[in-house]
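# Observations on the model geometry
Listed below, chain by chain, are the residues.
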Amino acid sequence: MAHRTDLRQADEALRRARTDLPVAAQVLHAVADTLSTTAPGQPLTEDTLRLAFTQAGYLVLAQYPRAVQDTATDRAIAALPNSDDLAPGITAGEYALHVRRAAGSLT
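Residues numbered from 1 in each chain as written. Predicted model: local features only at pLDDT ≥ 70, side-chain atom pairs only at ≥ 80, totals over all residues. Heavy atoms only, no water.

Turning next to helix α3 (residues 46-59). Every α-helix winds through 3.6 residues per turn, so residues three or four apart in the chain are directed the same way. Over its 14 residues, α3 extends 20 Å from the first C-alpha to the last, a length consistent with the 20 Å expected when each residue adds 1.5 Å. Buried positions along α3 lie against α2 (23-37), α4 (66-79) and α5 (92-105). (Helix = DSSP H or I, 4+ residues; strand = E, 2+ residues; numbered from the N terminus. Expected span 1.5 Å × (residues − 1). Contact = heavy atoms within 4.5 Å.)

Structural data, given as structure tokens:
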């Protein structure tokens, strides 16, 4: 059965809506996207989070001047949930939900 909504249009609308967000929030959404698509059922590791931030830098930050990149990265990291407040062994997918909530706090 065909979708009633053209998913390409929905994806494009989401992409455009995100460009209206602060850069730090865009970074966190990109991090969450990576975490939720790259082994979301696996426990979150520092390497996984580092990879997600690296990819977010490539996707979001590369288009901005260095000062904006640095400020956005600092704001994004500061908004991340405190690891002491999270359950041990949290999966990357679960952490992505927390990251999206943190991104919402930056708008």
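Moving on, there is more to tell.
The next subject is the environment of Pro22. Tracing the backbone through its elements, the reader meets Pro22 in the loop between α1 (7-19) and α2. Note on Pro22: relative accessible area 26%, which makes it partly exposed. A C-alpha to C-alpha distance of 8.2 Å links Pro22 and Ala72, two positions 50 residues apart in sequence. Contacts of Pro22, omitting those with residues within four sequence positions, involve Arg75, Leu106 and Thr107. (Buried < 20%, exposed > 50% of the residue type's maximum accessible area, 1.4 Å probe, protein only.)

Turning next to the pattern of salt bridges. In total, this model carries 4 salt bridges according to the counting rule given. In this structure, Asp33 engages Arg100 in a salt bridge whose closest nitrogen and oxygen atoms are separated by 3.0 Å. Here the residue Asp33 occupies a position in helix α2, and Arg100 occupies one in helix α5, the gap between them amounting to 67 residues. Residue classification places Asp33 among the partly exposed positions, given a relative accessible area of 26%. Overlapping salt bridges, with partners in common, bring together Glu46, Asp47 and Arg50 in one network. (Salt bridge = Lys/Arg side-chain N within 4 Å of Asp/Glu carboxyl O.)

Geometrically, a packed helix pair is captured by the angle between its two axes and the distance between the axes. At a minimum axis separation of 8 Å, α2 and α5 run at an interaxial angle of 165 degrees. Considered as vectors, α2 and α5 are oriented roughly antiparallel to each other. In the packing of α2 onto α5, the handedness of the crossing is left-handed. Contact with α2, carried on its side by Ala25, Leu28, His29, Val31, Ala32, Asp33, Leu35 and Ser36, involves Ala92, Gly93, Tyr95, Ala96, Val99, Arg100, Ala102 and Ala103 of α5 and no other residues of that element. Taken together, the residues that form the contact of α2 with α5 break down as 11 nonpolar, 3 polar and 2 charged. (Axes fitted to C-alpha atoms, helices over the stretch in contact; angles between N-to-C directions. Parallel < 35°, antiparallel > 145°, perpendicular 65-115°, else oblique. Left-handed = near helix turned anticlockwise from the far one by under 90°. Nonpolar A, V, L, I, M, F, W, Y, C, P; charged D, E, K, R; others polar.)

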